[in-house]
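Observations on the three-dimensional arrangement
Each chain, written out:
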Amino acid sequence: MLNPFDIIIFGGGGDLALRKLLPAMYRAYQEGNLPQGSRILPTVREQSKCDEYIDTAHKALQEFLSEGEYNAKDWKSFSAFLVPVVSNVTEADDNWDVLKKILDEDGSDKSRVFYLSLPPAVYGTCCEILSTKKLITANSRVVVEKPIGYCGESAEVINAKIAQYFDEDQIFRIDHYLGKETVQNLMALRFSNSLFENMWDAKSIDNIQISLSETVGLESRAGFYDKAGALRDMVQNHLLQLLCLVAMESPHKLKANSIRNEKLKVLEALRPLEGSDVDDNIIRGQYVPGDLNGKIVPGYLEELNEGASKTETFVAIRAYIDNWRWAGVPFYLRTGKRMAKRCAEIVVEYKKVSHNVYEDSVGNIEPNRLVIRLQPQESIQLTLMSKRLDNLDMQLEPVTMNIELSQAYSNGFHSDAYKRLMLDAAANNPSLFIHRDEVRQAWKWIDPIIERWLEKGKPALYRAGSWGPEDADELLAENNHVWFNTGDKA
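Residues numbered from 1 in each chain as written. Predicted model: local features only at pLDDT ≥ 70, side-chain atom pairs only at ≥ 80, totals over all residues. Heavy atoms only, no water.

Here's the deal with the sheet that holds strand β1 (residues 5-10)
One open sheet accounts for 6 strands, arranged β3-β2-β1-β4-β5-β6; its pairing is parallel. What marks the edges here is a single partner per strand, and that holds for β3 (85-86) and β6 (171-174). The pairing of β1 with strand β2 (residues 39-44) spans 4 bridges and is parallel. From the neighbouring strand, Asp 6 faces β2, where its bridge partner is Arg 39. (Pairing = 2+ DSSP bridges. Helix = DSSP H or I, 4+ residues; strand = E, 2+ residues; numbered from the N terminus.)

Let's talk about the nonpolar core
Counting 143 residues, the largest nonpolar core has Phe 10, Ile 40, Phe 78, Trp 200 and Ile 317 as the members making the most contacts within it. Per-element tally for this core: the top contributor is helix α10 (residues 222-247), with 13 residues. Among all residues touching Trp 200, those that are not within four sequence positions of it are Leu 186, Arg 190, Ile 205, Val 246, Arg 325, Trp 326, Val 348, Tyr 350 and Leu 370. (Core = buried A, V, L, I, M, F, W, Y, C linked by side-chain atoms within 4.5 Å. Buried < 20%, exposed > 50% of the residue type's maximum accessible area, 1.4 Å probe, protein only. Contact = heavy atoms within 4.5 Å.)

So, the pairing of β2
Counting buried residues in β2 gives 6 out of 6 residues, a clear majority hidden from the surface. Side-chain alternation along β2 places Arg 39, Leu 41 and Thr 43 on one buried face and Ile 40, Pro 42 and Val 44 on a second face that is also buried. Crossover connection from β1 via helix α1 (residues 15-30) to parallel β2: handedness right-handed. Note: β2 against β3, 2 bridges, orientation parallel. Note on β3: the bridge partner recorded for Thr 43 is Val 85. (Right-handed = clockwise from strand over helix to strand, strands pointing away.)

Topic: the confidence of the model for the protein
On average, residues of the protein carry a pLDDT of 89, and 95% of them reach 70 or more. Mean pLDDT across the elements of the protein ranges from a minimum in helix α14 (residues 405-408), with 66, to a maximum in strand β11 (residues 314-319), with 98. (pLDDT = per-residue confidence, 0-100.)

Re α1
Helix length check: α1, at 16 residues, gives a terminal C-alpha distance of 22 Å against a target of 22 Å (1.5 Å per residue), a fit within 8%. Its maximal kink placed at Leu 21, α1 deviates by approximately 30 degrees, while the proline Pro 23 follows within four residues. Buried residues belonging to α1 abut β1, β2, α3 (53-64), α4 (72-79), β4 (111-116) and α15 (417-426). Following α1 by one or two positions, Gly 32 has its phi on the positive side, about 80 degrees. (Expected span 1.5 Å × (residues − 1). Bend = angle between axes of the 7 residues up to and from the residue.)

Brief notes about the pattern of salt bridges
Under the criterion given, the structure shown has 33 salt bridges. We note a salt bridge from Arg 39 to Asp 6, for which the minimum N-O separation is 2.9 Å. Separated by 33 residues along the polypeptide, Arg 39 in strand β2 and Asp 6 in strand β1 bring together distant segments of the chain. Judged by its relative accessible area of 1%, Asp 6 falls in the buried class. (Salt bridge = Lys/Arg side-chain N within 4 Å of Asp/Glu carboxyl O.)

Here's the deal with the UniProt feature "binding site: substrate" (unreviewed entry) in the protein
The UniProt record annotates "binding site: substrate" (unreviewed entry) at His 176, Lys 180, Glu 214, Asp 233 and Lys 337. Relative to the helices and strands, Lys 180 resides in the loop between β6 and α8 (181-192). Non-local contacts of Lys 180, meaning those with residues more than four positions away in its chain, are made with Leu 374, Gln 375 and Ala 417. Along the chain, Lys 337 turns up in the loop between β12 (331-336) and β13 (343-350). Setting aside its immediate chain neighbours within four residues, Lys 337 contacts Glu 214, Val 216, Gly 217, Arg 221, Tyr 225, Tyr 287, Thr 313 and Tyr 462. (UniProt positions renumbered as here; feature names shortened; annotations may be inferred.)

Description of unusual backbone geometry
For Asn 293, which is not a glycine, the phi torsion comes out positive at approximately 55 degrees. Mapped onto the fold, Asn 293 is located in the loop between β9 (290-292) and β10 (295-297). Taking the relative accessible area as the measure of exposure, Asn 293 reaches 70% and is therefore exposed. Of note in this structure, Asn 428 is not a glycine but carries a positive phi near 60 degrees. Relative to the helices and strands, Asn 428 resides in the loop between α15 and α16 (436-455). The exposure class of Asn 428 is partly exposed, given its relative accessible area of 40%.

Observations regarding the packing of α8 against α10
Contact geometry of α8 with α10 gives a least axis separation of 9 Å together with a crossing angle of 15 degrees. Considering their axes alone, α8 and α10 lie roughly parallel with respect to each other. In this structure, the crossing between α8 and α10 has a hand that is right-handed. For the pair formed by α8 and α10, the contact residues are Val 183, Leu 186, Met 187 and Arg 190 on the first element and Leu 242, Leu 245, Val 246 and Ala 247 on the second. In terms of residue class, the contact of α8 with α10 is built from 7 nonpolar, no polar and 1 charged. (Axes fitted to C-alpha atoms, helices over the stretch in contact; angles between N-to-C directions. Parallel < 35°, antiparallel > 145°, perpendicular 65-115°, else oblique. Left-handed = near helix turned anticlockwise from the far one by under 90°. Nonpolar A, V, L, I, M, F, W, Y, C, P; charged D, E, K, R; others polar.)

Written out as structure tokens, the structure reads:
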């Protein structure tokens, strides 16, 4: 059981806090994982917002919790944990002294988690004020959201500034995909089942696809997104982190440093993509108006209200990891907005049988496929070849073993990545967070791609509601592969 802790959410009135962080803490309370004596201190910029905050939080939980999660009794008890405070994260005014007084009431030995739900540009300033006001104790941690910077150089500046006030083991760089229970189950599948661990290399696997697709467009992120694009927003962090977990060697122990060291080795072994290699192995796209679920939605430029933009809303990458385990195996990474369906999944396609003993008349023998679906429904699917039992003749067809994790564990537990990660930060467990060296190495691989795009070309266009540009299909066709799209027969 966790010891009581304080979590200070800077930007407590923002979309992330209201939509994700507060529901996560509410779930933690419902499951008995929010110790008595803990406090949640959301910060807002104005006293009027502070006075209204409990009501604001109440409405947010009613809106953003899943059906059946909210109830008035739990809300009343949970609301007692909320202590809203006024704070200007860019100015060391007297309100910081009020925050210090509140935190010091329980003594300096209590764990303090400073969650910076803020633009990365002000991370350093906020940390500096925390230090100036003597709010950082030996039991303090700081949680920072991605993206950290827009390139390797800017990321180094931000990380260096934070490091002036917090040691590396106090800095928790969050990627919420790593908190998903199915992502953690990936390690359980690999490292506790000889069936998979003995067939997890280039001798058995033909290709691996990792896809993160969204049906939404820009929503309220137009200003940020047009400067970032899909490569910075999704590939540099989410997709590369998932790639690391799929491809890494077994760590000595499931401890933070061991896991991070193995992930870093994967990033270091990624074959660089520079110059013309970028053109040959990466497709970028931008959506135009199209039919999405029976509704015509606007294109990127219409949502942006700009005449022109080369910002990519879709990226497909063919990557290779140059080590003994993965030599020659293509890893296909794909992400996009306004896609046909929302999904996040890892697809491991095995090689075909080396010798086919059956006649062509039995049907096409398809390769085995393992699909680990992270969202919207968390599941694990394994596709095998089997004889049709409704036919006396020998006829083969693929059949899918499907484990619906949400149904398998229907005991009231709600999978919530932010809940897991916030509790891990409170428990000082950095296993699922990102080390500075990982950020540095990821940007080292991404930066040459950005440089090439600045020099040459523009995104291919694709219809909203599709699976991206046709060029992305051709990228796989060069290796006689096809995308596995969620909703297809597994």
